[in-house]
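# Coordinates in review
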Amino acid sequence: MNKPARSLIELTHDKNLFPQFHLWFTWILKAGGNRMTERLLEGPPTEDTVIDMEKQEETEEGFIKVFTTKVEVSKVAEGATLDASHPDSAPRKHEEDENAEVHALVGPVFKNLRHLLRVLTYEKFHVLAHHAMIGNQVIVRGSQKALVRSVIEALENLLPKGCCSSVTWSNTYQESFKCNFLGLEAGTEIPPHLNETDMYAVLDIIPPEETELLDSGNNYDFPGYLFTLVDGTALPNLCPVLLTKMEQAMAQCKFTNEVLDCALATMKEQWMNKVKVLFKFSRASGNHSPEETQKLLRVLTTGPQDEPLLRFWMTGLSIRYKNHALESSFTQSGDSYYEVCDLNTGQ
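Residues numbered from 1 in each chain as written. Predicted model: local features only at pLDDT ≥ 70, side-chain atom pairs only at ≥ 80, totals over all residues. Heavy atoms only, no water.

## A short note on the nonpolar core
Grouped together as the largest cluster of nonpolar side chains are 56 residues, with contacts concentrated most on Met 133, Phe 227 and Trp 313. The dominant element in this core, judged by the number of residues it contributes, is helix α11 (residues 257–283), at ten residues. With residues up to four places along the chain from it excluded, the contact list for Met 133 reads Leu 158, Leu 159, Leu 242, Leu 243, Met 246, Leu 309, Phe 312 and Trp 313. Residues Leu 182, Leu 184, Leu 194 and Tyr 200 belong to the second largest nonpolar core, which totals nine residues. (Core = buried A, V, L, I, M, F, W, Y, C linked by side-chain atoms within 4.5 Å. Buried < 20%, exposed > 50% of the residue type's maximum accessible area, 1.4 Å probe, protein only. Helix = DSSP H or I, 4+ residues; strand = E, 2+ residues; numbered from the N terminus. Contact = heavy atoms within 4.5 Å.)

Spelled out as C-alpha cells, the structure:
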C-alpha cells in the first residue's frame, strides 16, 4: 500500500527548518551583495576609454584621483549662440534672457563641429580638418580666449584622444612636438622656421571692432567676424577617406547633434582598429617589404591618401595596447600574421 508523502519538517523533525533556510539564503544574498558588484558589459573598452584610464592617478592609499575642470562662463555661453533655424538647437524661452547676458560678456563661441563647419564654410573647414587629421599643427589666433578655445575643442572631436595634445591659450608660440592644437593671443608672431616645414595651418579670428565688415551674409552667429586661413603647403587633392565620411555625416540634416557624435565616435573606433592592425604588422611582427605593406593596406580597404592619417593615429594608441602587441609578438607561433590578427577588431 502506497504511503502518503511526508514533508521535510516531518522527515527532519525540525519545525524551524524553513525559517532557517530563509535565514541562510537571505544571508547569502546579503553577503554576495556586499562583496560583488554587478556591471553592465556593453563591449570591450574603446581606445579613448583606455587612454582616460591611463591618465588616472592612484594615491598611496589606493584611491583614484578624479580630475575635474572648473565651470567657466564661456561654457555656459555655448547656449547663447544657438541657431534658431535648427530644430534640435532652439533654446528654451526661459533660458534666452540668461544666454543673451552671457553672450554679451564673452562673445559667441562654437558649440560643435557642425557649427564650426557652417560658419567657416566647407572650403576653410576642409583644409583645417585635413591638417588636423594627418598630424600637422593647427594654430588658432584671436583676441577672445573663449572663442579660440571653442575652435580647438571642436576640432579635437576629429581625432582620438591619444592624438590630441592641446594648448588652448598662450601668448608665445609652442613647438609642434609639444602640441598639435595651439591657441594664440592675437598678434603673436609665428617663428620663421615654421614656414620651412610646411606642416601647419593658421586660423586668424578678427573681431568686428577690427574689421570693416558691416554685413556678414548669412552668418548670424558671428556678425562682423572675419576668419582667415593660411596653410603652409598645398594639400593633395585626395583627402583621407575618413574625413570625407565625417563631412558627409555632418551634412546630414536628419542627424541630431547626439546622433552625429555617436556616428563620429564609431568611425574613429573603426579606423583605430585598422591602425592597430598596421601597428602589429609594422612594429610587432618584424620587417616587411613595401609590397607587403601595400597589400595589407588594400586588405584594410585604405589607399595612399590614408597613409599619413594611419601613421599619425598610430602615435595615439594606448600604452596598454602597444605593450600587449609587442609582448604577444614574442610568443606567436609559426602561424602567419594574417591568421593571428583579426582585421575587424585589431586584436
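## With respect to helix α2 (residues 17–35)
Taking 1.5 Å of rise per residue, 19 residues should cover 27 Å, and α2 covers 27 Å from first to last C-alpha, within 8% of that figure. Turning to α2, its buried residues number three or more, namely Leu 17, Ala 31 and Gly 32. Considered in projection along α2, the buried side chains sweep an arc of 100° and stay on one side of the axis. Turned more than 90 degrees away from the buried face of α2, the exposed residues are Pro 19, His 22, Leu 23, Leu 29, Lys 30, Gly 33 and Asn 34. Considering only its buried residues, α2 is in contact with α1 (8–12). (Expected span 1.5 Å × (residues − 1). Arc of directions from axis to C-beta.)

## Some points on the pattern of salt bridges
A complete count under the given rule lists four salt bridges for this structure. A salt bridge links Glu 47 to Lys 276, with the shortest nitrogen-to-oxygen separation between them at 3.5 Å. Residue Glu 47 is found in helix α3 (residues 47–55), and its partner Lys 276 is found in helix α11; the two are separated by 229 residues along the sequence. The exposure classification of Glu 47 matches that of Lys 276, with both residues buried. One salt bridge in this structure joins Lys 161 and Asp 52, with 2.8 Å as the shortest N-O distance. (Salt bridge = Lys/Arg side-chain N within 4 Å of Asp/Glu carboxyl O.)

## Side note on the packing of aromatic side chains
Counted according to the given criterion, the structure contains eight aromatic pairs. Cluster of aromatic residues (ring-pair linked, three or more members): Phe 18, Phe 21, Trp 24 and Phe 25. Its guanidinium or amino end placed over the ring of Trp 271, Lys 274 lies 4.2 Å from that ring's centre, counting from NZ or CZ. (Phe/Tyr/Trp six-rings, centres within 6.5 Å; stacked < 30°, edge-to-face > 60°. Lys NZ or Arg CZ within 6 Å of the ring centre and 35° of its normal.)

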